[in-house]
Structure formats: structure tokens, C-alpha cells
Amino acid sequence: MQIHIFTLFPQMCVGPFGESIIARAVARGLLTIHLHQFRDYTHDRHHTVDDAQYGGGPGMVLKPEPLFEAVESVVGAPPSCPVVLLTPQGKVFSQAHAKRLSAQPAIALICGHYGGVDERIREHLATEELSIGDYVLSGGELAAMVVVDAVARLVPGVLGDEESAGEDSHATGILQHPLYTRPAQFRDWPVPDVLLSGDHQAVAKWRRRQALLRTLARRPDLLENAALTDEERRWLEEGKARFCSP
Ligand code: ADE
């Protein structure tokens, strides 16, 4: 998969992409990450990328010309891949977006900065807008790195079998079950007996029940769309009675 990032601060991305799973995927040829400095696509003496907003008001706005020229020269016009603008005004990024983007041969990410971007970039250059949460960052770079990390780990082959993403929180639509490793007894806190029992069916059932109860306690909104068996619904009713008892 090719990932193109359009940014005024390409150096911000170098460290994070040089480590761990992303770096390994790049080394194995599963991903290529291209950092594009869109200031290089300006033609004036001062390499101007922003300007005051029409109508007055504080803050500088990213001009359309350098970004259009940069993105179109790399991915074409119309674009040959999704062009994602990172902005706090976008749809809130989720595992479903990550899954969809991970199936693409290429994606382009535009990092906004300063006060915002000219509306024509949203309307005529970006094919979608994503936010990584309801807070405002100084720019889109950290958001782009979050999106790249979540997308890249779903690209086939990027994770080894041992790291499989199948049971991750959100991959299944609910939160992940609790995890334990050695030692079986740490201070006063033993590992639940069932995990040491060797009974795979009992382990699977315990995990599913814990995952559902944890989701009920922390993110009940996720259960609205979950496909549940009668037994699982019973677990949740019991859980609700427990959480709500005085
Ligand atoms: N740029 C600034 N804040 C952002 C956010 N929350 N998500 C994506 N891009 C942003």
C-alpha cells in the first residue's frame, strides 16, 4: 500500500514511522510512506502557504493553490485514491474507517494547520474528512500518524500471526477481554482459574462474557449493534443488575 502525506512538517512523521510495526512493514515492502512538503509547490518568493481569511477574523487559512498542485501532481485529478483531510470537523475516525482504507492500494492524507483550510480544499480536493476525536490539535500531522498506524496494521501481512488484529478491542465491535500472562500469582492477585484449566471452550466462554461485561461497563453504546445470543443477553442483564444495584 502507498501512503502519501501532505504536510508542512514532514520531519514530525519521520520518528514515529521509523519504529516498530510500521518500520518493519516498510522494510518488508508492504507499505511505502511518501512525505510531501506542500510548501515546495508554491511559486512566490516567500513560499506562501497561508493567508488571512476573507471577511476578516483571526488566524491564517491554508491557501488552495499549493495543496491542489501537490496532491494532483502526486495522485492525479480526479484522484486515483481516497484523499483524506484531517480536521476536527471530520467524521470521527473508527476501526471501520481503518478497515475500509486498509483495503485500498493507495491513500493520501492532507494535514491542515493554522486556523484552517480554504473551503475549496474540503469541497474539491478532499474526498473525505476525518477527525481523531473531539479536541483540537495544532495540526493534522499527529492525526495522520494515528490514521496511518491504525490502517497499516490491517494491511495483510503487516502483523504476524502472533500479533493478529482479530481479537483487538473494536475489531470485533466490542472491547477486548482481560489479558493475563505469567506469573500465575502476582502479589495478592491470581490469574483467574479458568485460564489455567486447559479447557479451551470454557476459556472462550469466559473471555466472551468478560468482553461483553467490560463493554457494558465502559462503552454500552457499542452493544447497540452487537449480534448477541440469548445466553449473552442474559449475561448482560445480570451485569446490569449488578452495576445498578445500590
Ligand atoms: N487537526 C486538528 N485537530 C484535529 C483532530 N482532532 N483530528 C484530526 N485533525 C485535526
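Residues numbered from 1 in each chain as written. Predicted model: local features only at pLDDT ≥ 70, side-chain atom pairs only at ≥ 80, totals over all residues. Heavy atoms only, no water.

## Re the site of the ligand
Consideration 1: Around the ligand, the surrounding shell consists of Leu86, Thr87, Pro88, Leu130, Ser131, Ile132, Gly133, Tyr135, Val136, Leu137, Gly139 and Ala143.
Consideration 2: Contact between the ligand and Gly133: a nitrogen atom at 3.1 Å from a main-chain N or O atom of the residue.
Consideration 3: Protein chains shield 96% of the accessible area of the ligand, which is 260 Å² for the free molecule.
Consideration 4: Put simply, the parts of the chain that give the shell around the ligand at least two residues each are strand S5 (83-92) and strand S8 (128-131).
Consideration 5: Examining the composition of the shell around the ligand, we find that three residues originate from one element, S5, more than from any other.
Consideration 6: Split by residue class, the shell around the ligand holds eight nonpolar, four polar and no charged. (Near = heavy atom within 4 Å. Polar contact = N/O pair within 3.5 Å; in protein donor to acceptor, adjacent residues only side chain to side chain. Areas by Shrake-Rupley, 256 points an atom, 1.4 Å probe, with all protein chains shown as cover. Helix = DSSP H or I, 4+ residues; strand = E, 2+ residues; numbered from the N terminus. Nonpolar A, V, L, I, M, F, W, Y, C, P; charged D, E, K, R; others polar.)

## Digging into the sheet that holds strand S3 (residues 50-52)
Consideration 1: In space, the three strands of this open sheet follow the order S3-S4-S7, with mixed pairing throughout. Sheet topology places S3 and strand S7 (116-117) at the edges, where each strand pairs with a single neighbour.
Consideration 2: The sheet contact formed by strand S4 (residues 60-62) and S7 spans two bridges and is parallel. By the bridge assignment, Val61 is partnered in S7 with Gly116. (Pairing = 2+ DSSP bridges.)

## A look at the packing of aromatic side chains
By convention here, two paired aromatic rings are described through the distance between centres and the angle between planes.
Consideration 1: For the coordinates displayed, the defined rule picks out one aromatic pair.
Consideration 2: Between Phe186 and Trp189, the aromatic rings sit 5.8 Å apart at their centres with planes inclined by 50°, giving tilted as the arrangement.
Consideration 3: With a relative accessible area of 42%, Phe186 lands in the partly exposed category.
Consideration 4: On the accessibility criterion, Trp189 (53% relative accessible area) is exposed. (Phe/Tyr/Trp six-rings, centres within 6.5 Å; stacked < 30°, edge-to-face > 60°. Buried < 20%, exposed > 50% of the residue type's maximum accessible area, 1.4 Å probe, protein only.)

## Some thoughts on the pairing of strand S1 (residues 2-7)
Consideration 1: When you tally the buried positions in S1, you get five out of six residues, the bulk of the element.
Consideration 2: The pairing of S1 with strand S2 (residues 32-37) spans six bridges and is classified as parallel. Across the sheet, residue His4 finds its bridge partner in S2, namely His34.
Consideration 3: Sheet topology note: the S1/strand S6 (residues 106-111) ladder contains five bridges and is parallel. Counted as the bridge partner of Gln2 is Ala106 from S6.

## With respect to a nonpolar patch on the surface
Consideration 1: A cluster of nonpolar residues, Phe9, Met12, Met60, Tyr114, Tyr135, Leu137 and Leu142, forms a patch on the protein surface that exposes about 630 Å² of accessible area.
Consideration 2: The topology assignment puts Phe9 in the loop between S1 and helix H1 (11-17). (Patch = residues over 30% accessible without salt bridge, like charges linked within 9 Å, V, L, I, M, F, W, Y side chains within 5 Å. Salt bridge = Lys/Arg side-chain N within 4 Å of Asp/Glu carboxyl O.)

## Notes on the domain arrangement of the protein chain
Where the parts come together, the accessible area they lose is often given as the size of the interface.
Consideration 1: Assigned domains of the protein chain: these are domain 1 (2-152) and domain 2 (172-244).
Consideration 2: Its C-alpha centre places domain 1 at a distance of 38 Å from the equivalent point of domain 2. (Domains from an automatic or database assignment.)

## Things to note about the packing of helix H7 (residues 200-218) against helix H8 (residues 230-244)
Consideration 1: Closest axis-to-axis distance for the H7/H8 pair is 10 Å, and the angle between their directions is 45°. Taken together, the axes of H7 and H8 are oblique relative to one another. Judged by the twist between their axes, the crossing of H7 over H8 is right-handed. The residues of H8 that touch H7, namely those facing Lys205, Arg208, Arg209, Leu212, Leu213, Leu216 and Ala217, are Glu231, Glu232, Trp235, Leu236, Glu238, Gly239, Lys240, Arg242 and Phe243.
Consideration 2: Among the residues making up the contact of H7 with H8, the classes are represented as seven nonpolar, one polar and eight charged. (Axes fitted to C-alpha atoms, helices over the stretch in contact; angles between N-to-C directions. Parallel < 35°, antiparallel > 145°, perpendicular 65-115°, else oblique. Left-handed = near helix turned anticlockwise from the far one by under 90°. Contact = heavy atoms within 4.5 Å.)

## Topic: the sheet that holds S5
Consideration 1: If you trace the five strands from one edge of the open sheet to the other, you get S2-S1-S6-S5-S8, paired in parallel fashion. In this open sheet, the two strands that pair with only one neighbour each are S2 and S8. When the angles between neighbouring strand axes are averaged without regard to direction, this sheet yields 35°.
Consideration 2: Strands in contact with helix H4 (residues 95-102) are S5, S6 and S8; relative to S8, the strand with the most contacts, it is inclined by about 135°.
Consideration 3: Sheet strands touched by helix H6 (residues 141-152): S1, S2, S5 and S6. Its angle to S6, the strand with the most contacts, is close to 160°.

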